[in-house]
Amino acid sequence: MKKIASFTIDHTRLERGIFLSRRDTTPSGDIISTFDIRLTRPNREPAVDGAALHTIEHLAATFLRNHPQWSQRVIYWGPMGCLTGSYLLLSGELAPADILPLMRETFGFIAAFEGEIPGATPRDCGNYAYNNLEEARRVARRFLDEVLAGPGEENLNYPA
Ligand SMILES: [Zn+2]
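Note that this is a predicted model, so its numbers are computed, not measured.

Cut-offs and rules
Residues numbered from 1 in each chain as written. Predicted model: local features only at pLDDT ≥ 70, side-chain atom pairs only at ≥ 80, totals over all residues. Heavy atoms only, no water. Phe/Tyr/Trp six-rings, centres within 6.5 Å; stacked < 30°, edge-to-face > 60°. Helix = DSSP H or I, 4+ residues; strand = E, 2+ residues; numbered from the N terminus. Buried < 20%, exposed > 50% of the residue type's maximum accessible area, 1.4 Å probe, protein only. Polar contact = N/O pair within 3.5 Å; in protein donor to acceptor, adjacent residues only side chain to side chain. Disulfide = S-S within 2.5 Å. Contact = heavy atoms within 4.5 Å.

Caption draft 1: Region of interest: the packing of aromatic side chains. If you walk through the whole model with that rule in mind, you get five aromatic pairs. With a centroid separation of 5.0 Å and 10° between ring planes, the pair formed by Phe19 and Tyr158 is classed as stacked. With a gap of 139 residues between them, Phe19 in strand E1 (residues 17-25) and Tyr158 in the segment after helix H3 (133-148) connect regions that are remote in the sequence. The class of Phe19 is buried, set by a relative accessible area of 0%. Through pairs of rings, three or more aromatic residues link up here, namely Phe63, Phe109 and Phe113.

Spelled out as structure tokens, the structure:
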């Protein structure tokens, strides 16, 4: 089998940031942009706590699907199996810089979130007790302050 595109990125040199993972065109001609929202340096920093990444999933998906400008473009948000980031799929031909303000809003929402995690009930989620809001807030704050506040080229482009 062919090695898929996301396995050809050199993860040993990958920084935190917003990266365009791929663009696909559906049979009906719609363009879908897939973003790699990388929260930690792969293999050089600890992975994100799994329960915290689950909480980030619930909060980010809720925020994005309620966003007045972007909700109609949101196809999917979900965690990477390696626990170093999340994937965001949006309708349209978009680049990382196009969604930087949206990611600042999203992680600002998570960093400040208080109260009941949306969808964290046995009826709404397959593992509702597996959440860690305090750690999700810490991870979001760190990503905001250290990466999204002033991203460099290495935070918006995959290593060459
Ligand atoms: Zn869940």
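Caption draft 2: Representation of the environment of Arg138. For Arg138, the position within the fold is in helix H3. Assessed through its relative accessible area of 46%, Arg138 is described here as partly exposed. For the pair Arg138 and Arg44, spaced 94 residues apart in the sequence, the C-alpha separation amounts to 19 Å. Only 2.9 Å separates the side chain of Arg138 from the side chain of Glu135, close enough to count as a polar contact.

Caption draft 3: Representation of the state of the cysteines. In the structure shown here, the tally under the stated rule is zero disulfides. The structure places no disulfide on Cys82, whose sulfur is separated from the nearest cysteine sulfur, that of Cys125, by 20 Å.

Caption draft 4: Fine view of the environment of Arg38. By secondary structure assignment, the location of Arg38 is in strand E2 (residues 31-38). Among the residues examined, Arg38 registers a relative accessible area of 2% and is labelled buried. The sequence separation of Arg38 and Gly85 amounts to 47 residues, and the corresponding C-alpha distance is 4.3 Å. The residues touching Arg38, leaving out its near neighbours within four places in the chain, are His11, Leu14, Glu15, Arg16, Gly17, Phe19, Met80, Cys82, Thr84, Gly85 and Phe143. Here Asp36 takes part through its side chain, which lies 2.7 Å from a polar atom of the side chain of Arg38.

Caption draft 5: The arrangement of unusual backbone geometry in detail. Backbone geometry places Asn43, a non-glycine residue, at a positive phi of 65°. Its place among the elements puts Asn43 in the loop between E2 and helix H1 (50-65). Of note in this structure, Leu83 is not a glycine but carries a positive phi near 65°. By the element assignment, Leu83 lies in the loop between strand E3 (74-79) and strand E4 (85-91).

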